[in-house]
Structure formats: structure tokens, C-alpha cells
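Chain and residue survey
Chain residues, written in single-letter form:
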Amino acid sequence: MSIIIDEGKRTFTLETRSTAYQMKVDEHGTLLHTWYGKKLSDDDLSYAVLRKDRGLSGNPHDVGLYDRTYSLDLLPQEIACYGAGDYRISTLRVQYENGASALSLTYDSYEILKEKYDIPDLPASYSYDRNDKTLVVRLKDVEADILVELYYGVFEEKDVITRTMRICNLSDQAIKLLNAGSMTLDFTGGDFDILTFYGKWAGERQVQRTKLQHGVFSIGSVRGASSPHYNPSCILCSEDTNEDRGEAYGLAFVYSGEFLLACEKDGIDQTRLSLGIHPDNFSWELLKDESFMSPEVILTYTENGFSGISHTFHDFIRDNIVRGAWQHTRRPVLINNWEGTYFYFNGEKLIRFAEEARDLGIELFVLDDGWFGNRNDDNAGLGDWVPNEKKLGMTMEELGLCIKSTGVSFGIWFEPEMVNEDSDLFREHPQWAVSIPDRKPNLSRNQLVLDVSRRDVQDYLIDHIEAVLAAGDISYLKWDFNRSLCDKFTRALPRERQGEMAHMFVMGTYRILEHLIHDFPNLLIEGCSSGGGRFDCGMLYYTPQIWTSDNTDPIERLSIQYGTSFIYPVSTMGAHVSASPNHQTGRETPFKTRTVIAMSGAFGYELDPEKLSSEEKAMIRKDAELYKEIADTLLYEDYYRLLPPTHPEAAAWEQVTKDGRRAIVSAVWHHVRANMAPVYIKLRGLKGFAHYRITFTEGHSPESLSRLTDTQQKIFKGEIHLKGDTLMNVGLFLPEPVREFDSMMFMVERI
Ligand code: DGJ
């Protein structure tokens, strides 16, 4: 039973395979949070909640008359409301017609749903497992007649609990939500570190570990999208948690818009974590009987360190977030023309691109920016989703036919939510661009944002995108988003409802994506936002993969893909081999190293194949075949970080099948030194008693191996086999690099 309810003790215990979550209705009707962590017996754990009169923490009126120890300011609760005696960070704030803001929720009822809940118009995890259920706990502010339903999705086998809430206005007055966050998670202790993933354009999801101190630590976005600056996810852990061991809580937001993730450690060392839509620019009007449902949060807990968190998230995102034909299917090896040609191409060049690609074993040709309207640089044309036949020298039908006749499939780039002032769309519908009346809007990449919160704009985009997809018989779409929102205002809503625009914008994007998926069920959509600027579980519900970063320098990619891997599976990370010297950094790296790093992702190339040497072409032919063979292990099994890129010399990682039969180990030297100290890696996920053979797939360097003893060489040539226990405890040393940025990839197979 994953949901245990003790009506007598008024406890609700949610159990997954190895975690438990408990809440309790106390004698005053407050829904206390009493436990989230390791699975325990279902005792009533509220005994551990201490009460004490701690001056300046007030008491609810009727209780305070006789008991000064009971204060909402001190109790661990399931949902934190603003304005009625709890002064810590809050998740829910309501404003009444008279301008006041105070909400006191007490228990009303509960319901168990046999299935995992949905959230109308928003992405949410789903389940086909009949054991996965939903608990709904209803709370009420009796004086204001407001009902709040807390939803808990319990994914028993996956060790995941999801949360969201619905706020219903049952009163006769119109109310305004000023904060409608998705969850509060209270802890009675306070010794936590928090891992967050910060970044910038071309440097997304860098790992930061912060010790939580007294006060509020927060990350968030007010940029209209989740953004590259802070990812909407975190890991809360003990001070001694590492990759393999230690307690950790993982959180990820199933939302692509503005968010606030805040953590407060209070004066008595309690910790409160809250996550939801960023309240800064948010408000939502609820008339009588209207309700609002907040986006979903995914939660997990483990004692197995960061790798435990990552394995749960990777499985969950692959099985319960990503949908459709490409969910578990090997993604096509693609070639994208962006870094190959930028805006400078015509139809003939593209067809030659596709022909070369076919000869190299590549399966999909992706035509990036510049094929539409008057788009010959990044100053004009966005919004005019009509093929530029003059530039292409043919229609989209003809181009699609030519590309497909070479034997590869055809993909195309769009940036739907944007418009250039220099475009027919803007000239015709200036009001569709996001801007404030009588105020010049900010430009970014010389473009404006289209007001996708409007239904007419959504419909325009659906019609135009679908027409191009049908004309070119297109099987892949790259959905880009290259600027942040500001000057937020929509002409479609009245003054008092402008605070709804940013959330409606995100829902508009989701509606368009849902239409495309519905009408083109085999279409593979790759999300993108100047690289990985909108890399979140909301987008992954529609786009099984996301372009991880515009930074294709393999050495820079080490830390980007490393940070991304804490929450997101390798299958979701678009990764391409690009030209050397790299266009972003000027760094020169071996072709092999670019390949090793890109293979730990949805793999492809982003260069002009006509400029390749015959040696490089031969490598691509071999690598494309290799990838097809090992992609299932690389993308869909367990991922371990073996050496972080912060290691002084090398970074290494491993993908291993869940049955421990096959592992693929990749290692890259990012810093070569004279007289190097040996670098060891300890493998993970193997069967201790089984024997394993090691064979190189990439980076077999005869020169490097020749420096080893006979026995050592035989191990790396697969002639001497080692046991899983040995590989996981004694480990392997990495054969020394023969040049800067050398790398290797080897297979470890059970015999
Ligand atoms: C930003 C993307 O991240 C790039 O890959 C490319 O598609 C450009 N936009 C095109 O403008």
C-alpha cells in the first residue's frame, strides 16, 4: 500500500520502495509535515515536533487564549501561507477584495485517486503503473471560504513523490493569488548543503554546493523562461554526502517559466524549502468557483548520494516525463548545418550536405536558422515562417523531396515565440509583440518576443509551423528561444490581470507544442534556447531532447554535461561534434575527443562535411555505426560520474546496463602535465563476482599502451579479465595521454 491513512491518529503516510513521507492533522486542524526520508514503520512521527512559547511567534486566536506554545511560525507544515502568523517564506498568498492578505488553512477532507493526477494545460508526470496513486488532502480557510487541495502523486517503484496544489475560490468575492507556489517542504533540522545549477549562455548548469546558513538562500528566474542562469532543480543534502553515499533530497520543477526556489533556515535551525512560480510578477484572479492549479514538483530522497538522486531522476524523466514515439527509441545520428554554414547557404549546398551526410552514415539532416522570410542574418525575418524560395532556389516540397531522396530524413529549425521588427508579421500585427503601450521595448538579438499568451498568436504559429512540416515531410523540429522576456504586457488582458501574462505565455507555448505532437505523432522535437537556456522537465514533456549548450567546445562541454547529468538523463542532452578550432573558444581538440564527449548525448555533428579530411570522414563512418550499436547503453541505462571535471587532470564517466553486463567508460584529459601522477577510476554498477573483458572503442592509443607493462597491456587489450569487485574497488588507472585533450572510451563486458 503506497498511501496509508490512520483515521484515528489522523496521519497520512506515503510510501515508495525506500522512502516515506508523512503528514498529520493536529488537534487544531493544521496539516503538519512530520517526515520525509528513509522508509520507516508508519508510526505517528508528530511526537518529534516540539512546542514552546518562543516570544514574538504568535498564536491562532482561539488557541492563544489558553496555549502560547502553539504557533504556526514554528510548526513544520505541508503548506506555508502568508499573512496569518507564519513569518517564514511562504508558498501561498491570497489577496481579498479589501486588499488584505491572510490565509489560515485547516484540514477538511481527503481522497485517494486510483491514478496519478493530471494538471489541465500544464505538463505533469504520468504513470501506467497501477500501483501509482494520488492522495488529495483538502484544506480550507473557513472564514474566507477558500479551498486548497494538496496533490501528492506516489510513484511507488520509482521512489518519487510529486506535488502540486489547486486553489479554489468558493466565496462570493473575487480574490487574487499573489503567490501560488507548488510546495513547501519543512525540516525540523538545519544542517544542509544545497547543490544548485547556475550558469550563463554557453556555460549552463555549473554545479555549486552551498552550506545553508541562517536566512534565505534562493535561486530563480524572472526572465519568462526557466533560463540558463539557474536551473529549476536542486539537491539538498547532508554535509558529508558525496557521489556514492549520504542522504540527499532531489527536486525538479516541471515548468519552463519564471520560478523561485527558496530555502530558509530559521532562528531555531529549522529549514523550509519552497518551490513554485516566481511571485514577483505573478497574480491570478479567481472569481467565484474558479480555481488555479500550480505546476508540478518532482521529489525524491536517497541514502545513496548524488548517484542515487541521478538514477532516480534519469529513470523518472525517461519513463514518466518524456513521451511519444522517441521516448525510448534511439535518436537518429544527425547533422546540423548551423556551425557548418550559419546563414550562408542555398538549396544546392543543403542537398550536397545531405548527400555527404548519407555517405557518412548520418541519418538526419537538420536545416537550422535562415531558411524563411527575409532571414539572411539575425536581424530580420523571425515570425515569417514562409520558406525563402529565392534563397533556397526551390519550394519546401522540392527541398524535402531532394533531401529525402539522398536517403536521410529532414529536420528544420523554428523560433516560434519571437518576431523581428523587420518582418511582415510585425508590420501586419505590431500588437502581437510583447511591449508596453507608449514605451519602447528592449531588444535582444535585435528581436522582440511574440505574445504567445494570446490564443490568436498561438493559432497563427500552429498553422504556419504545421504547413511547413507537412510541405517538407519533416520528421524533426528544433524549437529555439533566443531571448528573455521583459516589458511584460499583453493587450489581451485588462490592467488588473497583467500579472497572469507570464504564466499564460508558458501555457501558450505548451499548447502549441501539444498541438504539434498530436498532429505529428512521429515528430522528434529538440528543445533549444540559445543552447540549454530552457532545460527543464516542462520542456522535456514535449521535447525528448534539448540542445545542451551553444558551447560545442568539448572541454567546456565536460562541465556543462556533468552539471546537467545530476538531474537530467544523457538521452535528453543534444551533443554534437563540431569543427576544430572551436567556434566559441578557438580551442583545438582531437576529433576523437569531440566524439567521445558528444556520444554521451543525443549524438550528432555540426560542421560542414565538405570541409572534412578523408581521415575524419572515415572516423565519422566508424563512429556513426558504433553509436548506433551502443546508444542503448549510453542513453538509457545507469550513469555514473567517476571523476568530476574539477579533477586537476581528467574527467571520467560511465554508463552501465542495469543488469551489470556491459559498461562504457569515457575519460578525457583536460590538463596534461609532465611526469603525471597516476589517475585511477573505480567503476560502478558491475556484478562483483563476474569476470569482465575490457576493449577499447575509441582512443586506443598504441603509444600510450606501449608505456604499460605486459600484464597491464593485456588487461586493456581484453586478454586478461578482471572481476567486477576488482574493477569497482581497486579500479583502473587511465593510460597516460599522448597529447593535450586526449581521451578514451572503452567497453567493459561481462564474459
Ligand atoms: C541558437 C541555437 O542555440 C543555435 O544552435 C542556433 O540554432 C541559433 N540559435 C540559430 O539562430
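Since the structure is predicted, the reported quantities are computational estimates derived from the model, not experimental observations.

Turning our eyes to something else, we now look at the side chain of Ser666. Inspection of the secondary structure assignment puts Ser666 in strand S34 (residues 662–669). Not counting residues up to four positions away in its chain, the partners in contact with Ser666 are Val596, Ser600, Ala651, Ala652, Trp653, Met744 and Met745.

Lining the immediate surroundings of the ligand are 13 residues, of which Asp368, Asp369, Lys478, Asp480 and Asp550 lie closest. Between Asp369 and the ligand, the recorded distance is 2.6 Å, taken from a side-chain N or O atom to an oxygen atom. Taken by itself the ligand offers 290 Å² of open surface, and the protein chains cover 98% of this. Residues that form the shell around the ligand fall into these classes: four nonpolar, three polar and six charged.

Mapped onto the elements, Glu97 comes out in the loop between strand S5 (92–95) and strand S6 (106–113). Setting aside chain neighbours within four positions, we find Glu97 in contact with Gln173 and Ala174.

Attention shifts here to the side chain of Asn169. Along the chain, Asn169 turns up in strand S9 (residues 160–169). Apart from the residues lying within four places of it in its own chain, the contact partners of Asn169 are Asp145, Ala174, Ile175, Leu286, Leu287, Lys288, Asp289 and Glu290.

Here the focus is the state of the cysteines. Taken as a whole and judged by the stated rule, the model has zero disulfides. The closest cysteine sulfur to the non-disulfide-bonded Cys168 is located on Cys81, 14 Å from its own sulfur. Cysteine Cys263 shares no disulfide, and the gap to the nearest cysteine sulfur, in Cys234, comes to 6.8 Å. Judged by relative accessible area, Cys263 falls into the buried class, the value being 1%.

Annotation of the protein at the domain level lists domain 1 (3–320), domain 2 (334–635) and domain 3 (642–750). When each unit is reduced to the centre of its C-alpha atoms, the spacing between domain 1 and domain 3 is 42 Å.

Looking now at the pattern of salt bridges. Inspection of every chain in the model, using the stated rule, returns 50 salt bridges. In this structure, Glu610 engages Arg352 in a salt bridge whose closest nitrogen and oxygen atoms are separated by 2.8 Å. Residue Glu610 is found in the loop between strand S31 (602–606) and helix H13 (614–636), and its partner Arg352 is found in helix H4 (residues 347–359); the two are separated by 258 residues along the sequence. Overall, Glu610 belongs to the partly exposed group, its relative accessible area being 31%. Overall, Arg352 belongs to the partly exposed group, its relative accessible area being 35%. Put simply, Arg375 and Asp369 hold a salt bridge, and the shortest N to O gap is 2.9 Å. With respect to class, Arg375 is no different from Asp369; both count as buried. Ionic contacts of the salt-bridge type, sharing partners, join the residues Asp86, Arg88, Asp186 and Arg272 into one network.

Turning next to the pairing of S31. In terms of burial, S31 is a largely internal element, five of the five residues being buried. Both faces of S31 are covered, namely the face carrying Ala602, Gly604 and Glu606 and the face carrying Phe603 and Tyr605. Note that strand S22 (residues 334–336) and S31 share two bridges and pair parallel. Pairing of Leu334 across the sheet is with Gly604, part of S31. Pairing of strand S30 (residues 573–578) with S31 involves five bridges; the strand directions are parallel.

Looking now at the sheet that holds strand S4 (residues 31–38). Strand order in this open sheet of four strands is S1-S2-S3-S4, and the pairing throughout is antiparallel. Of all strands in the sheet, those bounded by a partner on one side alone are strand S1 (3–6) and S4. Going across the sheet, the axis of each strand differs from the next one's by a mean of 15°, ignoring polarity. Sheet topology places S1 next to strand S2 (residues 11–15); four bridges connect them, and they run antiparallel. Residue pairing in the sheet places Ile5 in a bridge with Phe12 of S2.

Grouped together as the largest cluster of nonpolar side chains are 184 residues, with contacts concentrated most on Ile167, Phe365, Trp371, Leu399 and Tyr605. Contact partners of Trp371, with chain neighbours within four places excluded, come to Phe345, Trp385, Val386, Pro387, Asn388, Leu392, Met396, Ile412, Trp413, Phe414 and Val468. Core analysis: the second largest hydrophobic core is formed by 31 residues, Met676, Ile681, Leu732 and Phe746 among them.

This paragraph deals with the packing of helix H8 (residues 455–472) against helix H9 (residues 501–519). As a packed pair, H8 and H9 sit with axes 10 Å apart at the nearest point and diverge in direction by 30°. By the angle class used here, H8 and H9 are roughly parallel. For H8 against H9, the interelement crossing comes out right-handed. Seen from H8, the contacting residues are Arg455, Gln458, Asp459, Leu461, Ile462, Ile465, Glu466 and Leu469; seen from H9, they are Gly508, Arg511, Ile512, His515, Leu516 and Asp519. Across the contact of H8 with H9, the residue classes tally to six nonpolar, three polar and five charged.

Next up on the list: the packing of helix H12 (residues 591–599) against H13. Their axes nearest at 11 Å, the elements H12 and H13 cross at an angle of 20°. Classified by the angle between their axes, H12 and H13 sit roughly parallel to one another. In this structure, the crossing between H12 and H13 has a hand that is right-handed. Where H12 abuts H13, its residues Phe591, Lys592, Thr595 and Met599 lie against Glu616, Met619, Ile620, Asp623, Leu626, Tyr627, Ile630 and Leu634. A class-by-class count of the residues in the contact of H12 with H13 yields eight nonpolar, one polar and three charged.

Structural remark: α-helix, 3.6 residues per turn; residues separated by three or four positions point the same way. In terms of residue burial, H12 counts as a mostly covered element, since nine of its nine residues are buried. Inspection of H12 places Phe591, Lys592, Thr593, Arg594, Thr595, Val596, Ile597, Ala598 and Met599 among the buried residues, and these make up the whole buried set.

This paragraph deals with the sheet that holds strand S10 (residues 175–180). Pairing in this open sheet of three strands is antiparallel, and the strands run S5-S10-S19 from one edge to the other. At either margin of the open sheet sits one strand with a lone partner, and together these are S5 and strand S19 (284–286). Sheet twist, expressed as the mean angle between neighbouring strand axes with direction ignored, is 30°. As judged from the three bridges shared by S10 and S19, these two strands associate in the antiparallel manner.

Between its terminal C-alpha atoms H4 stretches 19 Å, which fits the 18 Å expected from 13 residues at 1.5 Å a residue. Along H4, the positions that sit buried rather than exposed are Gly347, Lys349, Leu350, Ile351, Phe353, Ala354, Glu356 and Ala357. Where H4 begins, the capping side chain belongs to Asn346, and its oxygen is found 3.1 Å from the backbone nitrogen of Glu348. Just downstream of H4, Gly361 is the residue with a positive phi angle, here 90°.

Definitions and cut-offs
- Residues numbered from 1 in each chain as written.
- Predicted model: local features only at pLDDT ≥ 70, side-chain atom pairs only at ≥ 80, totals over all residues.
- Heavy atoms only, no water.
- Helix = DSSP H or I, 4+ residues; strand = E, 2+ residues; numbered from the N terminus.
- Contact = heavy atoms within 4.5 Å.
- Near = heavy atom within 4 Å.
- Polar contact = N/O pair within 3.5 Å; in protein donor to acceptor, adjacent residues only side chain to side chain.
- Areas by Shrake-Rupley, 256 points an atom, 1.4 Å probe, with all protein chains shown as cover.
- Nonpolar A, V, L, I, M, F, W, Y, C, P; charged D, E, K, R; others polar.
- Disulfide = S-S within 2.5 Å.
- Buried < 20%, exposed > 50% of the residue type's maximum accessible area, 1.4 Å probe, protein only.
- Domains from an automatic or database assignment.
- Salt bridge = Lys/Arg side-chain N within 4 Å of Asp/Glu carboxyl O.
- Pairing = 2+ DSSP bridges.
- Axes fitted to C-alpha atoms, helices over the stretch in contact; angles between N-to-C directions.
- Core = buried A, V, L, I, M, F, W, Y, C linked by side-chain atoms within 4.5 Å.
- Parallel < 35°, antiparallel > 145°, perpendicular 65-115°, else oblique.
- Left-handed = near helix turned anticlockwise from the far one by under 90°.
- Expected span 1.5 Å × (residues − 1).

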